[in-house]
Amino acid sequence: MSYCLEVVRQDLTQSRISTLPGERDLQLAPGEALIRVDRFGLTANNITYGVAGDIIGYWQFFPAEAEWGRIPVWGTGTVIDPGTSDLNPDAVYYGYFPMASYLTVKPEHVTERGFTDGASHRAQLPPVYNQYQLATPENGFAEGTLDHRMVFFPLFATGFVLDDYLDDNAFFGADAVIISSASSKTSFSLAFLLHHHRDCKVIGLTSRTNKAFVESMGIYDQVVTYDDIESLHSDTNIAFIDMAGNSSVTARVHHHFDRRCVCSSGVGITHWESRDGENPATLPGARHTMFFAPDQIQKRNKEWGPETYQHKMNDAWGQFLESVDQWVSISHYEGAEAMNQAYQEVLSGAAPNKGYVIVL
Ligand SMILES: NC(=O)c1ccc[n+]([C@@H]2O[C@H](COP(=O)([O-])OP(=O)(O)OC[C@H]3O[C@@H](n4cnc5c(N)ncnc54)[C@H](OP(=O)(O)O)[C@@H]3O)[C@@H](O)[C@H]2O)c1
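Being a predicted model, the structure only gives us computed values, none of them experimental. (Residues numbered from 1 in each chain as written. Predicted model: local features only at pLDDT ≥ 70, side-chain atom pairs only at ≥ 80, totals over all residues. Heavy atoms only, no water.)

1. Let's talk about the domain arrangement of the protein chain
What the domain assignment lists for the protein chain is domain 1 (2-143 + 328-359) and domain 2 (153-295). Each of domain 1 and domain 2 has a C-alpha centre, and the two are 30 Å apart. Between domain 1 and domain 2, the residue contacts involve 15 residues of the former and 12 residues of the latter. Summed over both sides, the interface of domain 1 with domain 2 buries roughly 1,100 Å², with 75% coming from carbon and sulfur. Remark: the boundary between domain 1 and domain 2 carries 0 salt bridges. Our count for the contact surface shared by domain 1 and domain 2 stands at 1 residue pair in polar contact (both at pLDDT 80 or more). Secondary structure elements with two or more residues in the side of domain 1 that touches domain 2: α1 (44-51) and β18 (354-359). Per-element accounting of the side of domain 1 that touches domain 2 gives the leading share, 5 residues, to α1. (Domains from an automatic or database assignment. Contact = heavy atoms within 4.5 Å. Buried area = accessible area lost by both parts, 1.4 Å probe. Salt bridge = Lys/Arg side-chain N within 4 Å of Asp/Glu carboxyl O. Polar contact = N/O pair within 3.5 Å; in protein donor to acceptor, adjacent residues only side chain to side chain. Helix = DSSP H or I, 4+ residues; strand = E, 2+ residues; numbered from the N terminus.)

2. Regarding the sheet that holds strand β2 (residues 11-20)
Spatial ordering of the open sheet is given by β2-β1-β4, a layout of 3 strands whose pairing is antiparallel. Taken across any chain shown, the strands that pair with only one partner, and hence form the sheet edges, are β2 and β4 (68-69). Taken strand by strand, helix α9 (residues 336-347) contacts β1 (2-8) and β2, and its axis lies near 165 degrees from that of β2. (Pairing = 2+ DSSP bridges. Axes fitted to C-alpha atoms, helices over the stretch in contact; angles between N-to-C directions.)

3. A word on the site of the ligand
In the region of the ligand, 27 residues are neighbours, and Thr43, Ser183, Thr206, Ser207 and Tyr226 sit closest. Between Ser181 and the ligand, the recorded distance is 2.7 Å, taken from a side-chain N or O atom to an oxygen atom. A distance of 2.6 Å separates an oxygen atom of the ligand from a polar atom in the side chain of Ser183. Protein chains shield 86% of the accessible area of the ligand, which is 950 Å² for the free molecule. Secondary-structure elements contributing two or more residues to the shell around the ligand are α1, α3 (146-168) and α4 (185-197). At 3 residues, α1 tops the list of elements feeding residues into the shell around the ligand. (Near = heavy atom within 4 Å. Areas by Shrake-Rupley, 256 points an atom, 1.4 Å probe, with all protein chains shown as cover.)

4. Examining the side chain of Arg300
Positionally, Arg300 belongs in helix α7 (residues 293-304). Judged by its relative accessible area of 7%, Arg300 is buried. Of note is the side chain of Arg300, whose polar atom sits 3.4 Å from the side chain of Asp168. (Buried < 20%, exposed > 50% of the residue type's maximum accessible area, 1.4 Å probe, protein only.)

5. Remarks on α4
Under the 1.5 Å per step criterion, the end-to-end length of α4 is 18 Å for 13 residues, consistent within 8% with the ideal 18 Å. Most of α4 is tucked away: 10 of the 13 residues are buried. Those residues of α4 that fall on the buried side of the exposure criterion are Lys185, Thr186, Ser187, Phe188, Ser189, Leu190, Ala191, Phe192, Leu193 and Leu194. (Expected span 1.5 Å × (residues − 1).)

6. What to know about the pattern of salt bridges
Inspection of every chain in the model, using the stated rule, returns 16 salt bridges. The salt bridge involving Arg300 is made with Asp164; its shortest N-O contact spans 2.8 Å. Of the two residues, Arg300 sits in helix α7 while Asp164 sits in helix α3, which places them 136 residues apart along the sequence. Each member of the pair, Arg300 as well as Asp164, is classed as buried.

7. Here's the deal with the nonpolar core
What tends to happen in soluble globular proteins is that the nonpolar side chains get buried as a cluster. Grouped together as the largest cluster of nonpolar side chains are 95 residues, with contacts concentrated most on Ile179, Phe188, Tyr220 and Tyr343. Ranked by the residues each element gives to this core, the list is headed by α3, at 11 residues. For this core, the domains that each give at least three residues are domain 1 (2-143 + 328-359) and domain 2 (153-295). Residues contacting Ile179, with those up to four places away along its chain left out, are Ser187, Leu190, Ala191, Leu194, Val202, Ile203, Gly204, Leu205, Tyr220, Ile241 and Met243. Grouped together as the second largest cluster of nonpolar side chains are 15 residues, Ile203, Tyr226, Leu232 and Phe257 included. (Core = buried A, V, L, I, M, F, W, Y, C linked by side-chain atoms within 4.5 Å.)

8. Side note on the side chain of Ser187
Residue placement: Ser187 occurs in helix α4. Accessibility expressed as a relative area gives 0% for Ser187, which makes it buried. In this structure the side chain of Ser187 is engaged in a polar contact, spanning 3.0 Å, whose partner is the backbone oxygen of Ser180. Ignoring anything within four residues of it in the chain, the contact list for Ser187 reads Ile179, Ser180, Ser181, Ala182, Tyr220 and Met243.

9. Quick word on the packing of aromatic side chains
Aromatic ring pairs: the centre-centre distance and the angle between the two ring planes describe each pair. The final tally for this structure, using the stated rule, is 31 aromatic pairs. Here Phe61 and Tyr129 contribute two aromatic rings whose centre-to-centre distance is 5.5 Å and whose plane-to-plane angle is 80 degrees, an arrangement assigned as edge-to-face. In this pair, Phe61 is assigned in the loop between α2 (53-56) and β4 and Tyr129 in the loop between β9 (114-117) and β10 (131-134), connecting sequence segments 68 residues apart. The buried category is assigned to Tyr129, whose relative accessible area is 15%. With centroids separated by 5.2 Å and ring planes inclined at 25 degrees, the aromatic side chains of Tyr333 and Tyr356 adopt a geometry described as stacked. One end of the pair, Tyr333, is in strand β17 (residues 329-334); the other, Tyr356, is in strand β18, and 23 residues separate them in sequence. Classification of Tyr333 as buried rests on a relative accessible area of 9%. Put simply, the rings of Tyr49, Tyr58, Phe61, Phe62, Trp74, Tyr94, Tyr96, Tyr129 and Phe141 pair up and form one aromatic cluster. (Phe/Tyr/Trp six-rings, centres within 6.5 Å; stacked < 30°, edge-to-face > 60°.)

Structure (structure tokens):
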């Protein structure tokens, strides 16, 4: 049976498994190809795609009917019917998929590295999400690291860009970096890079239940729960990297550090149910602005060239891979019901030492 996980766009707690037409019943249009989705990673980042679905257009990648939406995930898929496209049967690609048995794509610019989905409903969306990479060792997909790639890489890459952005701006004059949702993979990717390569204090903010985990990682100099923000010394300049998007936490950090909050960057919204509060634009200290990774990537591509940039990121990724298994173990969930269960677990806040890979 072919199936798909869908959620109510305005109420992410409601999810269902819906049946899709069988692969053999599909009629591919000229130029289209059919890819079977093999496996994908699931983290709070995917939940954020749903929370910000209307603002950023994430619902448009894989449209569904009526009030339902299909949340995108990072994963791999195998070409099961190349149709009249230039794809090879059985080739495996890494990219953006729905949580579904298959995806129909319209491959364009097919090379040894990958292709772009030229489907018309995706044309206005950010190009990075329309690119599919051929998952071969030559393209950097080393044997045995595919699960890590889908669970960690999109998050690590953001941590890498943030680390570079802070360094590029001389940390805005901050002596310490405070990272909220410190237990999240994006946050600890940044903390890992700061800890190993930069001369600044790294402070993690987290919930009571995740404090012991964050402390055990050994990459944060100090770990404080959300209840204890006011216990931090306020006589230091800080850069605030906000992964939680919790308006009360953001406001308390700004009020506590006041003009010593010299940078405030909104990156995530893991606390997706706690966003209604004080308007961040009116808070004391640096203006709270949304971080836009492509700006920094474009700047570095110009200054260093894309190859050097990729090289630096791959080096750092290699170091991260050597450490991450001591903190997070990956669990596999097989089939439709297990996929729904995993989705609900991640939505309500999963244990930070667990990585989810769904196998279809
Ligand atoms: N702007 C960008 O380009 C970009 C790129 C990548 C990721 N991000 C964002 O970074 C954030 C982190 O994503 P991730 O995939 O790294 O997360 P993750 O590893 O799945 O981390 C989950 C953490 O988030 C908090 N959390 C999760 N669900 C929660 C809930 N229902 N209620 C309260 N807290 C909850 C908990 O941290 P604490 O207890 O420590 O708070 C939890 O340990 C996401 O919002 C993601 O969209 C943004």
